[in-house]
Amino acid sequence: MSFETIDSVFTIKNDAVMTLAIAAVLLLIGYFVRNKVKFLSKYCIPAPVVGGFLFMFVTWIGHATKAFAFSFDTYFQNPFMLAFFTTVGLGASLSLLKKGGVLLIIYWAIACIVSIFQNAIGVGVGSLLGLQAPYALLASAISMIGGHGAALAYGTTFEEMGYTAAKLAGAAAATFGLISSVMIGGPLARRLVEKNNLKPNENDTFTSDIDQVNAAQEGKLSGLDIMKNVTAVIICMALGTMVSGWISKLIGMGFPTYVGAMFVAVILRNLNEKFKFYRFDFPLVDKLGDVMLALYLSIALMSLKLWELAGLALPLLVNLGLQALLVTAFCAVVFRAMGRDYDAAVMGGGFIGFMLGTTANAMAVMRTLVERYGMAPRAFLVAPLIGAFFIDFANALIITGFINFWPHCPGPAAHAPAPDRSFPRRLHHRLDQCRRACGGHELQGRVGGRGRAQ
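About the cut-offs
- Residues numbered from 1 in each chain as written.
- Predicted model: local features only at pLDDT ≥ 70, side-chain atom pairs only at ≥ 80, totals over all residues.
- Heavy atoms only, no water.
- Helix = DSSP H or I, 4+ residues; strand = E, 2+ residues; numbered from the N terminus.
- Expected span 1.5 Å × (residues − 1).
- Polar contact = N/O pair within 3.5 Å; in protein donor to acceptor, adjacent residues only side chain to side chain.
- Phe/Tyr/Trp six-rings, centres within 6.5 Å; stacked < 30°, edge-to-face > 60°.
- Buried < 20%, exposed > 50% of the residue type's maximum accessible area, 1.4 Å probe, protein only.
- Pairing = 2+ DSSP bridges.
- Axes fitted to C-alpha atoms, helices over the stretch in contact; angles between N-to-C directions.
- Salt bridge = Lys/Arg side-chain N within 4 Å of Asp/Glu carboxyl O.
- pLDDT = per-residue confidence, 0-100.
- Contact = heavy atoms within 4.5 Å.
- Patch = residues over 30% accessible without salt bridge, like charges linked within 9 Å, V, L, I, M, F, W, Y side chains within 5 Å.
- Areas by Shrake-Rupley, 256 points an atom, 1.4 Å probe, with all protein chains shown as cover.
- Left-handed = near helix turned anticlockwise from the far one by under 90°.
- Nonpolar A, V, L, I, M, F, W, Y, C, P; charged D, E, K, R; others polar.

Enquirer: What is the right way to read helix α14 (residues 282-302) from this model?
Expert: Look at α14: 30 Å from first C-alpha to last across 21 residues, which is about the 30 Å you get at 1.5 Å a residue. The backbone nitrogen of Leu284 has a side-chain oxygen 2.9 Å away, supplied by the residue at the start of α14, namely Asp281.

Enquirer: Is there a simple way to explain the packing of aromatic side chains in this structure?
Expert: Each aromatic ring pair is characterised by the separation of its centres together with the angle its planes make. One pass over the structure, following the stated rule, counts 15 aromatic pairs. Where Phe53 meets Phe57, the ring centres are 6.3 Å apart and the plane angle is 50 degrees; that geometry is what we call tilted. Taken together, the positions of Phe53 and Phe57, both in helix α3 (residues 47-65) and four residues apart, correspond to about one turn of that helix. Residue class for Phe53 comes out buried when judged on its relative accessible area of 16%. Measuring from ring centre to ring centre gives 5.7 Å for Phe351 and Phe354, while their planes differ by 70 degrees; the resulting arrangement is edge-to-face.

Enquirer: What should I look at first to understand the sheet that holds strand β3 (residues 68-72) in this one?
Expert: Adjacent strands of a sheet pair through backbone hydrogen bonds, lying either parallel or antiparallel. If you trace the three strands from one edge of the open sheet to the other, you get β1-β2-β3, paired in mixed fashion. The open sheet is flanked by β1 (2-6) and β3, the only strands paired with a single partner. Each adjacent strand pair in this sheet contributes to an overall mean axis angle of 30 degrees, direction not counted. Bridge count for strand β2 (residues 9-14) against β3 is five bridges, and the pairing is parallel.

Enquirer: Mind showing me how you'd approach the environment of Ile61 here?
Expert: In this structure, Ile61 sits in helix α3. Sequence-wise, Ile61 and Trp307 are 246 residues apart; in three dimensions their C-alpha atoms are separated by 9.7 Å.

Enquirer: Sorry, what's going on with the pattern of salt bridges here?
Expert: A side chain with one charge may pair with a side chain of the opposite charge, provided their charged atoms come close. By the definition in use, this model includes seven salt bridges. Several salt bridges converge on common partners, so that one network encompasses Asp286, Asp290 and Arg367.

Enquirer: When you look at the confidence of the model for the protein in this model, what are you seeing that I'm missing?
Expert: When pLDDT is low, close inspection of the predicted coordinates is not appropriate. Looking at the protein, pLDDT values average 79 and 76% of them are 70 or higher. Model confidence for the protein, summarised as mean pLDDT per element, is weakest for helix α19 (residues 423-429) at 46 and strongest for helix α1 (residues 16-36) at 94. Low pLDDT, under 50, characterises residues 437-454; the predicted model gives this stretch 104 contacts beyond four residues in sequence or across chains.

Enquirer: Explain a nonpolar patch on the surface to me, please; I cannot follow it from the model alone.
Expert: On the surface, a cluster of nonpolar side chains totalling about 680 Å² of accessible area is made up of Leu128, Leu129, Leu314, Leu317, Val318, Leu322 and Leu325. The set of elements that each furnish at least two residues to the nonpolar patch consists of α6 (101-129) and α15 (314-337). Its location among the elements puts Leu128 in helix α6. For Leu128, a relative accessible area of 75% translates into the label exposed.

Enquirer: What should I look at first to understand the pairing of β2 in this one?
Expert: Regular strands have side chains that alternate between both faces of the sheet. Relative to β2, β1 is paired through five bridges, and the arrangement is antiparallel. Of the residues in β2, the one forming a bridge with Glu4 is Thr11. What sits between the antiparallel neighbours β1 and β2 is a turn of two residues, in which Asp7 has the positive phi angle 55 degrees.

Enquirer: So what exactly am I meant to see when it comes to the packing of helix α4 (residues 77-90) against helix α17 (residues 359-373) here?
Expert: The relative placement of two packed helices is expressed as an angle between their axes plus a distance between the axes. Running from N to C, α4 and α17 cross one another at 65 degrees; their axes reach a closest spacing of 11 Å. With respect to the hand of their crossing, α4 and α17 are arranged in left-handed fashion. Of the residues in α17, those touching α4 at Phe84, Phe85 and Val88 are Thr359, Ala360, Met363 and Arg367. Split by residue class, the contact of α4 with α17 holds five nonpolar, one polar and one charged.

Written out as structure tokens, the structure reads:
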């Protein structure tokens, strides 16, 4: 930690280790406050969100008064994100994936439909309120599903084309989605559970199957056993990053690193079930994932700049509000389509999490729900796979379609240089640059690389 005066503002600069320490403390504060404030626990607000929000208000006060500011090195954010999704992959036994086949297809189809509607709302609001084409896109599925990474990647391209506020608008839109997803997802799913008096189905054969497959190993784990499990996670992270790089070069577009890690982890999990390379312990890996997710979210949220939302123009705010209403409305559709049971309610909360924020947000919402009401194994099988992988590819294709069929952009704003009016054609040829992040639910480059949180 060091102290500097930058542009007449007292700035507290934190290195990666200090940033991690602050995030851990904020996480514990979040748990403490949530346990003490009935409203927060009642409406299933995740602890990282509580701690992160409290700190965001502190940084906002510093910004408003120009008395102080914080600078963070979010180096650990990406490894924690990668580790979390790796543990998700290690929880995927093929015998269980087969059981979730139909639910996966239905859930994915609904997510694709909502993505189309998100972009349609962006187009409509842009036309009605005079919002230029790039800004309308940035306030639609690019930022809602693609997050900060996609918003900043597309925003960079748009700025090169003359839309000078593109990156700021995209980052602010993604921030809005990140915050609204956790503020809406938990309470709405909790309402579905309470209103319909839903409870985990203890007689569900799927639950017994998943318990059997993921049961803890008999006997106490040795230190070497724990080390082997941790090493397996690290190896999957490393190999997955390599695989994602190879696939990215092969298909000519960005491929999220965490997706490669997830699939390497799935392969290792299922090979290990057959060949017994090491003593895999699901409860251990699952708890490790919980810790990684909590720290990842804490770093991401405490690094966000709340005042970015205040600078949004009215058309963007209207658009983003409609996006949140759309996804909230489709939560009821998800609930009905998934079977109107407890797992369906939890899937609804997760749906809001990744359709407005990130897959990590979805997991945080769902984990908060199961901490209170009980396990939802189907939800934890279906939501991460769709939110972390399948919807990304569908979203990239949908965005491409909207770009190709859009009319030319309206005239430039008074403050901006004249943008290229061949927007759809030029952007089509530059999609390889932008898709690099659109496929990412990662707060990497989304919030820092979903690169670094800005």
